[in-house]
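Residues per chain are reported as follows:
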Amino acid sequence: AYQNSIRLDPQNYTYHYLLGVLYYNHGKHSEAIASYKMAIQYGKGEQVLFDNLALACMAAGRYSEARDVFKNEIKKAEKKDGVYNLIGLMHFNEQQLPDAIENYQKAIAINKDEPVYYTNLALAYRDSGKLAEAESAMKQAVQLNPSEENKQHLDQISDLISHESR
């Protein structure tokens with residue numbers, strides 16, 4: 001349906017964006033990237049277009065392309081905290097944990113009320129072996145969002161700490 005809409009109105013960025021979402025959700029990351037690029041070409045610089053392009057690049061393993069998107073996006077993004085979180089996610093996926101931690105901390109410095117930033121920071125600390133810092137960040141995430149998933153992460157980190165102290 002979106003491809004037909006694009007044929008009728010090829011400069012409507014919304015159709016390109018929605019087609020990109022559809023491709024992404026079906027694991028067709030290269031096609032999603034092409035659709036998001038078209039959406040950006042015809043759009044008005046909406047941050048979600050760049051975020052989704054970067055996520056599709058990461059999912060396709062095209063990290064250098066994702067880095068380029070982030071470099072451009074961070075200069076003009078209104079909500080830089082979300083961009084820093086995504087950059088942190090990219091570094092986390094590449095096991096560049098110090099860089100992930102740095103970017104999650106930047107996101108938190110801008111927006112202290114977003115629990116997912118603390119969860120991501122806690123997981124990066126955990127994988128770095130910094131369990132006390134991981135526990136502290138995860139406690140903050142649980143305080144902001146006492147979801148079952150967050151509580152489970154906190155329990156896992158606490159278990160690691162108790163096993164380490166034996």
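Residues numbered from 1 in each chain as written. Predicted model: local features only at pLDDT ≥ 70, side-chain atom pairs only at ≥ 80, totals over all residues. Heavy atoms only, no water.

Enquirer: What is the right way to look at the side chain of Asn103 in this model?
Expert: Relative to the elements of secondary structure, Asn103 occurs in helix 7 (residues 97-110). When its relative accessible area of 8% is taken as the criterion, Asn103 is described as buried. With sequence-adjacent residues up to four places away left out, Asn103 is seen in contact with Tyr84, Ile87, Gly88 and His91. (Helix = DSSP H or I, 4+ residues; strand = E, 2+ residues; numbered from the N terminus. Buried < 20%, exposed > 50% of the residue type's maximum accessible area, 1.4 Å probe, protein only. Contact = heavy atoms within 4.5 Å.)

Enquirer: For this particular structure, what's the right way to read the side chain of Glu135?
Expert: Positionally, Glu135 belongs in helix 9 (residues 131-144). Lys139 is the oppositely charged side chain nearest to the buried, salt-bridge-free Glu135, at an N-O distance of 4.2 Å. (Lys, Arg positive; Asp, Glu negative; His and termini not counted. Salt bridge = Lys/Arg side-chain N within 4 Å of Asp/Glu carboxyl O.)

Enquirer: Honestly, the packing of aromatic side chains in this entry has me stumped. Any pointers?
Expert: Geometrically, a pair of aromatic rings is defined through the distance of the ring centres and the angle of the planes. Tallied over the full model, the rule gives one aromatic pair. Relative to Tyr36, the ring of Tyr17 lies with its centre 6.0 Å away and its plane at 40°, an arrangement referred to as tilted. Linking Tyr17 in helix 2 (residues 13-25) with Tyr36 in helix 3 (residues 29-42), this pair joins segments that are 19 residues apart in sequence. (Phe/Tyr/Trp six-rings, centres within 6.5 Å; stacked < 30°, edge-to-face > 60°.)

Enquirer: Is there a simple way to explain the packing of helix 6 (residues 80-93) against helix 7 in this structure?
Expert: Two quantities define a packed helix pair, namely the angle between the axes and the distance from one axis to the other. Direction vectors running N to C along helix 6 and helix 7 enclose 165°, while the axes themselves pass 8 Å from each other. In terms of axis orientation, helix 6 runs roughly antiparallel to helix 7. For helix 6 against helix 7, the interelement crossing comes out left-handed. Residue-level contacts link Lys80, Asp81, Tyr84, Asn85, Ile87, Gly88, Leu89, His91 and Phe92 of helix 6 to Leu97, Asp99, Ala100, Asn103, Tyr104, Lys106, Ala107 and Ile110 of helix 7. Across the contact of helix 6 with helix 7, the residue classes break down as nine nonpolar, four polar and four charged. (Axes fitted to C-alpha atoms, helices over the stretch in contact; angles between N-to-C directions. Parallel < 35°, antiparallel > 145°, perpendicular 65-115°, else oblique. Left-handed = near helix turned anticlockwise from the far one by under 90°. Nonpolar A, V, L, I, M, F, W, Y, C, P; charged D, E, K, R; others polar.)

Enquirer: Is there a simple way to explain the packing of helix 7 against helix 8 (residues 115-127) in this structure?
Expert: At a minimum axis separation of 9 Å, helix 7 and helix 8 run at an interaxial angle of 155°. Regarding the angle of helix 7 to helix 8, the classification is roughly antiparallel. With respect to the hand of their crossing, helix 7 and helix 8 are arranged in left-handed fashion. Across from Leu97, Ala100, Ile101, Tyr104, Gln105, Ala107 and Ile108 in helix 7, the residues of helix 8 making contact are Tyr117, Tyr118, Asn120, Leu121, Ala124, Tyr125 and Asp127. Partitioning the contact of helix 7 with helix 8 into residue classes produces 11 nonpolar, two polar and one charged.

Enquirer: Whenever I open this one, helix 7 confuses me. Can you help?
Expert: An α-helix turns once per 3.6 residues; consequently, residues spaced three or four apart project the same way. Helix length check: helix 7, at 14 residues, gives a terminal C-alpha distance of 20 Å against a target of 20 Å (1.5 Å per residue), a fit within 8%. Among the residues making up helix 7, those that are buried are Leu97, Ala100, Ile101, Asn103, Tyr104, Ala107 and Ile108. Among the structural elements, helix 6 and helix 8 are those in contact with the buried residues of helix 7. (Expected span 1.5 Å × (residues − 1).)

Enquirer: Explain the pattern of salt bridges here, please?
Expert: If you walk through the whole model with that rule in mind, you get five salt bridges. One salt bridge in this structure joins Arg126 and Asp127, with 2.8 Å as the shortest N-O distance. Under the relative-accessibility criterion, Arg126 is labelled partly exposed at 24%. Linked by salt bridges that have partners in common, Lys37, Arg62 and Glu65 make up one network.

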